[in-house]
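So you can see what is in the structure, the chains are spelled out below.
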Amino acid sequence: MSETILSVEDLHVWFDLPRGGVLHAVQGVSLSVDRGERFGLVGESGCGKTTTILAMMGLLPPNATVSGRVLLEGEDVLAEGERSARPHRWVDISMIFQGAMNALNPVQTVGAQILEPMELHGYATGVDARERAGTLLELVGIGRDRLDRFPHEFSGGMRQRAAIAMALACEPKVILADEPTTALDVMVQAQILGLLERLSEELGLTVILVTHDLPLVAHVCHRAAVMYGGILAEVGPMDALYHDPRHPYTRMLFSAVPDPTGESEVISIPGAPPRLDRPIPGCPFEPRCDRAFEPCSSVRPRQISLTDGREASCHLNDPALTEAS
Amino acid sequence: MRGGADYVIKRAIFALVTVFVAITLNFVLFRLAPGTAVANVARVPGASPELRAELTREFGLDKSKWEQYVIYLGQLARGNLGVSFATREPVREELGTALVNTLPMVALGELFAIVVGTAVGVIAAWRRGTAVDKGGVAVGLFFYSLPTQWLGLMMLLLFAGILPSGGRESLFLFDPTPWRHFLDVLKHMILPSMTLGLVLFGEYTIVARSSMLETLGEDYILTARAKGLRDRRIVRRHAFRNALLPITTMVAISLGYIVAGSILAESVFSWPGIGKLMYDSVGQRDYPLLQGVFLLLTISVVLANFVADLLYFKLDPRIRE
Amino acid sequence: MSVADMETKLPAAEATPARRGTVRSVLRERPSAIVGLAVVVFFILVAIFGPMLSPYGVHEKIGTPFTPPSLSHPLGLDDAGIDMVTLLMQGARVSLVVGFAASLIAILIGALVGVTAGYFGGKSDVALMRVTDYFLVVPDLVLMIVIASIWGQKLIYIIIVIGALLWTGTARVLRAQVKSIRERVYVRRSLALGGSNGHTIVQHVLPQVSPLIVANAVLLIAVAIFDETALAYLGLGDPTAISWGKLIKNASEAAAVSAGAWWAIVPPGLCVATVILACTLIGQALEDALNPRLKASYLAARGFRIRRLREDEP
């Protein structure tokens with residue numbers, strides 16, 4: 001299972017702000033995901049995780065500037081912007097969004113929305129496509145007869161499941177899930193996650209799951225990356241992050257007792273996330289860090305490789321610096 | 001579709017009640033107003049005593065106000081609106097001819113406004129923030145601020161000699177073929193309908209632009225993009241349809257303005273439609289005709305609103321709940 | 001819910017709470033509002049001081065009708081031989097007075113209806129809204145024409161007629177916003193603490209809706225001036241009042257077009273257009289400020305850009 005299917009290399013994303021100025025939302029993130037893996041991407045709101053996965057499909061808005069590479073099975077998705085990104089969309093990599101209520105077009109039937117990419121990318125047409133769409137709905141636990149209904153006729157959980165069915169329309173290899181269970185109640189959350197797990201096992205799908213819900217990630221994912229202030233704080237196997245964190249932020253995050261009601265936000269660490277519209281000279285976490293030392297406020301930490309598969313952006317992992325202090 | 005039938009019935013009832021209110025208002029304004037010149041539809045200048053007696057009988061002018069009201073309703077149901085003071089022809093016939101003249105002219109102007117306005121608005125939204133955007137909106141706003149009659153006069157100044165300056169057809173065309181006649185009327189129709197259209201399109205530009213921008217910020221647009229659709233296809237299939245919904249609303253809202261605009265445009269260009277009829281009847285204090293025009297215009301607007309409600313209902317499945 | 005509901009339903013639901021001085025800040029910051037305000041102030045000054053400063057009288061026949069512009073008469077003479085510039089300044093007085101007065105009447109009625117319906121809800125709400133709906137559907141100008149032709153042609157009647165028919169939009173919009181304000185914490189707290197309805201309305205509700213009222217008032221000035229101009233053209237204006245609309249009518253009746261006397265027709269229309277445009281700009285700027293569009297587009301003509309970082313860039 002250790003063949004890399006997607007890798008992000010030194011990704012930067014800047015957004016032009018309406019009143020002038022630039023927001024540096026993603027600041028040099030690198031990570032890689034293996035085929036068939038369930039990979040989590042966690043962090044507070046505003047840390048850049050959603051922007052990162054949008055960049056994986058080249059789905060950035062007009063006010064964005066991007067640099068870096070996103071290699072999907074070896075091909076750089078971002079090489080020529082929209083032109084190089086578009087051919088991969090939905091066919092190799094697809095996405096389910098936060099709040100499927102808005103992600104689905106309200107004036108089109110669910111069936112039509114599942115059909116559309118099939119016909120667009122030449123997977124099936126007409127009756128055949130309808131047949132496949134029905135099968136997909138059944139795969140996610142919705143009756144075939146719902147093909148001709150409109151999104152507003154579905155409950156929240158059903159809409160999300162329909163979105164999953166839609167995401168599978170062209171048999172992609174990677175599915176990106178952006179907070180798929182936020183705003184759903186606990187029972188439904190469990191269903192959706194169970195569905196994603198089952199599909200990933202049965203179909204060999206790679207799933208990248210973005211969330212701020214830690215117990216969820218711990219439960220579902222093999223590996224995870226923790227983001228903070230636009231940088232990658234740490235990445236590695238789930239239990240390593242839990243039991244042997246190499247970044248203070250990771251440690252603080254995962255030391256919270258998992259909330260049995262499943263309503264946990266990221267635990268409150270004193271302080272606030274950094275502003276990303278100004279350059280930060282040192283480590284973005286430094287003001288809130290309990291192990292900050294001399295280089296932290298002036299030298300930017302690099303993503304340092306630890307044992308295989310693990311990386312962390314913290315000076316504490318840099319032998320050169322720790323010995324000196 | 002249960003929810004749908006409810007909605008249609010509710011709107012239909014509302015339309016009917018409004019029509020009834022308008023009819024009653026008509027009666028109250030004209031018959032109960034002080035001064036016999038207004039209240040007395042039988043006082044047709046230059047009419048024979050027989051005609052006067054006939055009208056007095058038909059409309060029960062010698063009876064109590066309540067009885068007059070009931071008689072009025074009855075006559076209305078039969079399409080009898082009295083006799084014009086100026087021409088001594090039945091009001092109903094005057095209205096009929098005028099309506100036939102007005103409709104194509106207004107339709108042409110409105111079509112121009114919707115098409116041009118929406119096109120400019122959509123392009124402005126697509127090229128948000130650029131000179132095209134700001135320019136398009138500016139032009140729309142500018143024309144929107146012009147008094148319709150004044151714009152008409154400006155058009156006359158500009159096109160004097162190139163396009164006819166008034167009326168519906170040339171007086172000097174002898175025995176024209178249907179095609180030539182059609183072209184002639186069209187030539188006469190251009191200026192008044194363009195005047196109407198130019199003043200109207202600005203509102204459509206603003207609404208279309210705002211609606212398109214709103215739609216382009218919706219999450220399902222991101223989904224469409226994520227599916228690999230090309231930009232133009234996204235706009236055509238997903239954005240456009242959703243952005244159009246407020247434009248249908250706009251048509252209903254602009255109806256009042258269309259009526260006002262057509263009254264003014266027809267007056268300037270002497271286009272023999274309802275608007276000119278209103279202008280003439282005011283000038284000549286032709287009260288029966290004025291009543292008739294008022295009733296016709298009000299009922300038309302109410303009906304048009306109702307049709308717009310139906311259209312909106314058909315376009316937006318969400319209302320069907 | 002109908003089509004007519006649409007326009008008022010959405011804005012109120014997303015309106016941001018007004019902060020103190022919203023109106024003032026908009027008027028100071030947004031370029032369109034600044035320009036609009038400058039224009040309106042200019043015309044107000046012209047209206048107040050113009051006719052007094054002019055060397056010519058408003059009824060003073062100086063020369064032949066339709067004399068072209070010259071140095072002493074920058075806009076020539078009208079169809080009766082009176083100086084156009086003087087007439088325009090007098091026209092500013094009448095048109096602006098009608099606009100402001102009618103708008104005031106409309107706002108008073110609209111605010112009364114809207115706030116009452118929104119605040120008290122229940123039967124009064126339903127009743128008031130039914131009445132409003134009917135008025136909304138009936139075409140304004142048509143009813144104005146009918147009433148004006150029956151009632152008579154004094155300026156005060158015209159003002160009342162216009163004002164009495166323009167209140168409906170304001171009433172609906174205010175009702176929607178008042179309804180949502182009514183549910184806010186500080187309002188309920190005020191009532192729970194024993195505050196009277198009147199006190200609550202004045203202290204808590206009105207300040208919140210005042211920017212909306214101002215925005216509506218300004219837009220109504222534009223409509224009122226347009227309507228007065230239209231009524232004047234149709235012969236229903238006050239024959240003794242010289243408004244811009246009347247000037248257009250006079251010129252038109254005296255066949256200014258055929259005579260090529262553009263100076264008699266173009267300026268009054270431009271004045272009306274300019275004031276209407278200015279009011280529209282101000283009103284729209286205010287409305288925009290109250291309903292900001294927070295979402296950026298996902299799609300536009302130009303897509304996202306690529307950048308290649310050099311080695312030394314952070």
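Definitions and limits used
- Residues numbered from 1 in each chain as written.
- Chains lettered and ligands numbered in written order.
- Predicted model: local features only at pLDDT ≥ 70, side-chain atom pairs only at ≥ 80, totals over all residues.
- Helix = DSSP H or I, 4+ residues; strand = E, 2+ residues; numbered from the N terminus.
- Rg over C-alpha atoms; globule rule 2.2 N^0.38 Å.
- Contact = placed C-beta atoms within 7 Å.
- Buried ≥ 20, exposed ≤ 12 C-beta atoms within 10 Å, placed from the backbone.
- Domains from an automatic or database assignment.
- Nonpolar A, V, L, I, M, F, W, Y, C, P; charged D, E, K, R; others polar.
- Pairing = 2+ DSSP bridges.
- pLDDT = per-residue confidence, 0-100.
- Axes fitted to C-alpha atoms, helices over the stretch in contact; angles between N-to-C directions.
- Parallel < 35°, antiparallel > 145°, perpendicular 65-115°, else oblique.
- Left-handed = near helix turned anticlockwise from the far one by under 90°.

What about the overall build of chain A?
So, step 1. Helix and strand content of chain A: 11 helices and 12 strands.
So, step 2. Taken against the 2.2 N^0.38 rule, which gives 20 Å for 325 residues, the C-alpha radius of gyration of chain A at 20 Å falls within 12% of a compact globule.
So, step 3. Along the longest, intermediate and shortest principal axes, the C-alpha atoms of chain A span 70 × 45 × 45 Å.
So, step 4. A separation threshold of at least 6 residues defines the contact pool for chain A, and within that pool the share at least 24 residues apart is 63%.

Some words on the overall build of chain B
So, step 1. Tallying secondary structure elements over chain B gives 12 helices and 0 strands in all.
So, step 2. Each principal axis of the C-alpha atoms in chain B carries an extent, and together these give about 80 × 55 × 40 Å.
So, step 3. Of all 321 residues assigned to chain B, the portion counted as buried reaches 48%.
So, step 4. Look at the contacts in chain B between residues 6 or more apart in sequence, and 71% of them connect residues 24 or more apart.

Thoughts on the domain arrangement of chain A
All names here are of chain A.
So, step 1. On domain assignment, one finds that chain A holds domain 1 (4-92 + 173-270) and domain 2 (102-171).
So, step 2. In this complex, domain 1 contributes 10 residues to the contact, which on the side of domain 2 involves 11 residues.
So, step 3. Tallied by class, the residues present in the side of domain 1 that touches domain 2 amount to 9 nonpolar, 1 polar and no charged.

With respect to the environment of Asp 79 of chain C
Residues and elements named next belong to chain C.
So, step 1. Mapped onto the secondary structure, Asp 79 falls in the loop between helix H3 (31-53) and helix H4 (84-120).
So, step 2. A residue is classified by how many C-beta atoms lie within 10 Å of it, and Asp 79, with 18 of them, is partly exposed.
So, step 3. For Asp 79, the residues in contact, after removing those within four places along its chain, are Pro 65, Phe 66, Asn 250, Ala 251, Ala 254, Ala 256 and Ala 264.

What to know about the interface of chain A and chain B
So, step 1. At the interface, 21 residues of chain A touch 16 residues of chain B.
So, step 2. Elements supplying a minimum of two residues to the side of chain A that touches chain B: strand S6 (93-96), helix H3 (100-103) and helix H4 (110-120) of chain A.
So, step 3. Considering every element that reaches the side of chain A that touches chain B, the biggest residue donor is H4 of chain A, with 3 residues.
So, step 4. By residue class, the composition of the side of chain A that touches chain B is 13 nonpolar, 5 polar and 3 charged.

A closer look at the sheet that holds strand S12 (residues 311-312) of chain A
Residues and elements named next belong to chain A.
So, step 1. The 8 strands are arranged S6-S7-S8-S3-S9-S10-S12-S11 in an open sheet whose pairing can be described as mixed. A strand with exactly one partner marks an edge of an open sheet, and here the two such strands are S6 and strand S11 (304-305).
So, step 2. Sheet analysis places strand S10 (residues 231-237) next to S12, joined by 2 bridges and oriented antiparallel. When the bridges of S12 are listed, Glu 234 appears paired with Ala 312.

Section: the interface of chain B and chain C
Interface size is commonly expressed as the accessible area that is lost once the parts come together.
So, step 1. Listed as interface residues are 52 residues of chain B and, on the opposing side, 43 residues of chain C.
So, step 2. Sorting the residues of the side of chain B that touches chain C by element identifies helix H1 (2-31), helix H6 (131-144), helix H7 (148-159), helix H8 (178-216), helix H9 (219-226), helix H10 (231-269), helix H11 (274-283) and helix H12 (287-315) of chain B as the ones contributing at least two each.
So, step 3. Of the residues assigned to the side of chain B that touches chain C, the class counts are 35 nonpolar, 10 polar and 7 charged.

A few points about the pairing of strand S1 (residues 4-16) of chain A
Consecutive side chains along a regular strand alternate between the two faces of the sheet.
All names here are of chain A.
So, step 1. Relative to strand S2 (residues 22-34), S1 runs antiparallel, the two being bridged by 10 bridges. Bridged to Thr 4 within S2 is Asp 34.
So, step 2. Taking the residues that link successive antiparallel strands as the turn, the S1-S2 hairpin has 5 residues, and the phi of Gly 20 there is positive, at about 90°.

As for the confidence of the model for chain B
Any region with low pLDDT has predicted coordinates that should not be read closely.
So, step 1. Per-residue confidence for chain B averages 83 on the pLDDT scale, and 92% of its residues sit at or above 70.
So, step 2. Confidence estimates for the predicted assembly give a pTM of 0.79 and an ipTM of 0.86.

Remarks on the environment of Gly 58 of chain A
Residue and element names in this part refer to chain A.
So, step 1. Its location among the elements puts Gly 58 in the loop between helix H1 (49-56) and strand S4 (64-72).
So, step 2. Taking the number of C-beta atoms within 10 Å as the measure of exposure, Gly 58 has 26 and is therefore buried.
So, step 3. Separated by 25 residues in the primary sequence, Gly 58 and Arg 83 have C-alpha atoms spaced 9.3 Å apart.
So, step 4. Apart from residues no more than four positions distant in its own chain, Gly 58 is found in contact with Val 77, Leu 78, Gly 81, Glu 82 and Ala 85.

Side note on the pairing of S4 of chain A
So, step 1. Judged by which residues are buried, S4 of chain A turns out to be one-sided: Ala 64, Val 66, Gly 68, Val 70 and Leu 72 of chain A face inward and are buried, whereas Thr 65, Ser 67, Arg 69 and Leu 71 of chain A, on the alternate face, are not.
So, step 2. Where S1 of chain A lies against S4 of chain A, 8 bridges are found, and the strand directions are antiparallel. Of the residues in S4 of chain A, the one forming a bridge with Ser 7 of chain A is Leu 71 of chain A.
So, step 3. Of the pairings in the sheet, the one linking S4 of chain A to strand S1 (residues 305-306) of chain C comprises 2 bridges and is parallel in character. Counterpart to Val 66 of chain A in the pairing with S1 of chain C is Ile 306 of chain C.
So, step 4. Across 2 bridges, S4 of chain A lies against strand S5 (residues 75-76) of chain A in antiparallel orientation.

As for unusual backbone geometry
So, step 1. The backbone of Ser 270 of chain B sits at a positive phi, close to 50°, despite the residue not being glycine.
So, step 2. Given 16 C-beta atoms within a 10 Å radius, Ser 270 of chain B is considered partly exposed.
So, step 3. Notably, Ala 255 of chain C is not glycine yet its phi reads approximately 55°, a positive angle.
So, step 4. Positionally, Ala 255 of chain C belongs in the loop between helix H11 (244-253) and helix H12 (256-259).

Some details on the packing of helix H6 (residues 140-151) of chain C against helix H10 (residues 197-233) of chain C
Residue and element names in this part refer to chain C.
So, step 1. Where H6 meets H10, the closest approach of the two axes is 11 Å, and the angle between their N-to-C directions is 50°. Relative to H10, H6 is oriented oblique. Here H6 and H10 pass one another in a crossing that is right-handed. Touching Leu 141, Met 144, Ile 145 and Ala 148 of H6 are Asp 227, Ala 230 and Leu 231, all from H10.
So, step 2. For the contact of H6 with H10, the class distribution of residues is 6 nonpolar, no polar and 1 charged.

Side note on the packing of H4 of chain C against H11 of chain C
All names here are of chain C.
So, step 1. Interhelical geometry of H4 versus H11 gives an angle of 130° and a closest axis separation of 7 Å. When the interaxial angle is binned, H4 and H11 end up oblique. In contact with Leu 87, Gly 91 and Ser 95 of H4, H11 contributes Trp 244, Gly 245 and Leu 247.
So, step 2. Along the lines of polarity and charge, the residues of the contact of H4 with H11 split into 3 nonpolar, 3 polar and no charged.

What about H1 of chain A?
So, step 1. Of all 8 residues that make up H1 of chain A, 8 are buried, and the element is covered over most of its length.
So, step 2. Positive phi shows up at Gly 58 of chain A, right after H1 of chain A, with a value of about 70°.

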